[in-house]
Amino acid sequence: MSGTVVDVAESAGDVAPPPVLRAENVGVAFGGVNALSGVTLEVRAGEVCGLIGPNGAGKTTLFDVLSGIRRPDSGVVRFAGVDVSARGPVWRARHGMRRTFQRQQLFGRLTVLDNLVVAEEWRGGGGGIAADLLALPSRRRRERERRVRAEEILDLCGLTDLRDKYAGTLPVGQARMVELARAVVDTPKVLLLDEPASGMSSAESVWLGEVVRRLVDHEQCAVLLVEHDVAFVMGLASRVVVLNLGEVLAEGTPAEVRANQAVRDAYLGGG
Ligand SMILES: Nc1ncnc2c1ncn2[C@@H]1O[C@H](COP(=O)(O)OP(=O)(O)OP(=O)(O)O)[C@@H](O)[C@H]1O
């Protein structure tokens, strides 16, 4: 790898900003099974890109490669233009890549607000334990800033009324929304959302769609979304990539993908 991850700035004259995250010709094989072959996909700041495909298409494997959990057998992953293929998930997270998982990962015995503050604290506040024990003014100021940021994100997510509830007491739909808020509070450059609507009622997934849109506009982060609920993806994403048998079968706007005959045959049920 070379260089460092830098903020992605729109270069003068370009219509679209450069991709924040890009998988280039990625291949992964498990024994004789090609889970991914020659997959190229990118996502840009301010955009929601949907990733769909039938069971076994390779969506989870691609998320694992993008987030650094799995090294690809071939191809590279670029984050803000830099080849990060050799970097692990912690490094990528530290540089602004956040992933939510299908299983819930909240701290059940912390309040909703504290779940967000903890998500900000993992970077550390500078000064270590001594600064904590001495309650240095700089540390107290940083804590106040983190609470303000957490409250701002709770507000954007429509979660302010739940801020003092213990996360472990929340029903699935609300808990999923808190997970999203946790992922966003640390100002990621890119968010990988893995089945964010699973377990949600249809009213809750409408709420989720509105919140994701609001967060993307406010934070100008890039979102890549894997979701089995195709209608949800089509309603939210501006661009959709369809994987099938480890390859990109189609890519385009939701309308283009819906009209694509190969996609209809392989996935959406013909017709
Ligand atoms: N650890 C593994 N060992 C062996 N084969 C695997 C492994 N993980 C995934 N596969 C295979 O790789 C292919 C892609 O799987 P993957 O889980 O990425 O698909 P997916 O699109 O996420 O599927 P689903 O929608 O069911 O979650 C499948 O054929 C799967 O059986």
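Once a new chain begins, its residue numbering starts again from 1 and follows that chain's sequence as written. Note on the predicted model: pLDDT of at least 70 is required for a residue's local features to be given, and 80 or more for side-chain atom pairs to be given and counted; whole-chain, interface and lining totals, by contrast, use all residues.

- Per an unreviewed UniProt entry, the chain goes by the name ABC transporter ATP-binding protein and belongs to Streptodolium elevatio.

Here's the deal with the overall build of the chain
Here's step 1: Each helix corresponds to a stretch of at least 4 residues labelled H or I by DSSP, and each strand to a stretch of at least 2 residues labelled E; elements are numbered beginning at the N terminus. From N to C terminus, the chain includes 10 helices and 10 strands.
Here's step 2: The proportion of buried residues among the 271 residues of the chain is 39%.
Here's step 3: Throughout, a pair of residues is in contact if the C-beta atoms placed from their backbones lie within 7 Å. Sequence-distant contacts, at least 24 apart, represent 68% of the contacts inside the chain between residues at least 6 apart. Labels follow a simple rule on C-beta atoms placed from the backbone: if 20 or more others lie within 10 Å of a residue's own, it is buried; if 12 or fewer, it is exposed; otherwise it is partly exposed.

Description of helix H7 (residues 202-219)
Here's step 1: When the terminal C-alpha atoms of H7 are compared, their 25 Å separation across 18 residues agrees well with the 26 Å that a helix rising 1.5 Å per residue should span.
Here's step 2: Once H7 finishes, Gln220 follows within two positions and takes phi at roughly 55°, a positive value. Working rule for helices: expected span equals 1.5 Å times residues minus one.

Considering the sheet that holds strand S7 (residues 190-194)
Here's step 1: The pairing criterion for strands is at least two bridges between them, as found by DSSP. What the 6 strands build is an open sheet, ordered S6-S7-S8-S3-S9-S10; its pairing is mixed. With partners counted over all chains shown, the strands left at the sheet margins are strand S6 (97-100) and strand S10 (247-252), one partner each. Put simply, the sheet's adjacent strands are angled 15° from each other on average, direction ignored.
Here's step 2: As paired elements, S6 and S7 share 4 bridges and run parallel to each other. Bridging from a neighbouring strand, Thr100 pairs with Leu193 of S7.
Here's step 3: Along the sheet, helix H1 (residues 59-67) makes contact with strand S3 (48-52), S6, S7, strand S8 (222-226) and strand S9 (239-244), crossing S7 at roughly 150°.
Here's step 4: Against the sheet, helix H6 (residues 172-185) makes contact with S6 and S7, and its axis sits at roughly 170° relative to S6, the strand it touches most. Under this scheme, a helix contributes an axis fitted over its contacting stretch, all axes are lines through C-alpha atoms, and angles between N-to-C directions fall in the 0 to 180 degree range.

Digging into the site of the ligand
Here's step 1: Residue proximity rests on one test: whether the C-beta atom, placed from the backbone, lies within 6 Å of the molecule or strand. Residues in contact with the ligand, as listed here, are Phe30, Val33, Ala35, Gly53, Asn55, Gly56, Ala57, Gly58, Lys59, Thr60 and Thr61.
Here's step 2: For the shell around the ligand, the secondary structure elements donating two or more residues are strand S2 (33-44) and H1.
Here's step 3: Residue contributions to the shell around the ligand peak at 3 residues, all from H1.
Here's step 4: When its residues are assigned to classes, the shell around the ligand shows 4 nonpolar, 6 polar and 1 charged. We call Asp, Glu, Lys and Arg charged. Ala, Val, Leu, Ile, Met, Phe, Trp, Tyr, Cys and Pro are nonpolar, and the rest, Gly among them, are polar.

So, H6
The periodicity of an α-helix, 3.6 residues per turn, causes residues three or four positions apart to be oriented the same way.
Here's step 1: Taking 1.5 Å per residue, 14 residues should reach 20 Å; H6 reaches 20 Å between its end C-alpha atoms and fits that length.
Here's step 2: For H6, the buried fraction is high: 12 of the 14 residues fall into the buried class.
Here's step 3: Taken together, the buried positions of H6 are Gln174, Ala175, Arg176, Met177, Val178, Glu179, Leu180, Ala181, Arg182, Ala183, Val184 and Val185.
Here's step 4: Thr187 sits one or two residues past H6 and shows a positive phi near 45°.

Describing the packing of helix H3 (residues 112-121) against H6
Here's step 1: Direction vectors running N to C along H3 and H6 enclose 30°, while the axes themselves pass 8 Å from each other. Classified by the angle their axes make, H3 and H6 are roughly parallel. In the crossing of H3 with H6, the sense of the turn from one axis to the other is right-handed. Residues Val112, Asn115, Leu116, Ala119 and Glu120 of H3 touch H6, and the partners they reach there are Val178, Ala181, Arg182 and Val185.
Here's step 2: Of the residues contributing to the contact of H3 with H6, the split by class is 6 nonpolar, 1 polar and 2 charged. Relative orientations are named as follows: roughly parallel for angles under 35 degrees, roughly antiparallel for angles over 145 degrees, roughly perpendicular for angles from 65 to 115 degrees, and oblique for any other angle. Note: crossing handedness is left-handed where the near helix turns anticlockwise from the far helix by less than a right angle, and right-handed where it turns clockwise.

Focus on the nonpolar core
Here's step 1: Core analysis: the largest hydrophobic core is formed by 73 residues, its most contacted members being Cys49, Ala181, Val190, Val223, Leu224, Leu225 and Val242.
Here's step 2: For this core, the element with the highest residue contribution is H6, accounting for 8 residues.
Here's step 3: Beyond its immediate chain neighbours, meaning those up to four positions away, Leu224 contacts Leu21, Val43, Cys49, Leu51, Val190 and Leu192. The term nonpolar core means buried Ala, Val, Leu, Ile, Met, Phe, Trp, Tyr and Cys residues held together as one set by C-beta atoms within 7 Å.

So, the sheet that holds S2
Here's step 1: Sheet architecture is open: 4 strands sit in the order S2-S1-S4-S5, paired in antiparallel fashion. One side of each edge strand has no neighbouring strand; the edge strands of this open sheet are S2 and strand S5 (82-83).
Here's step 2: Of the strands in this sheet, strand S1 (19-30), S2 and strand S4 (74-79) are in contact with H1, which crosses S1 at around 120°.

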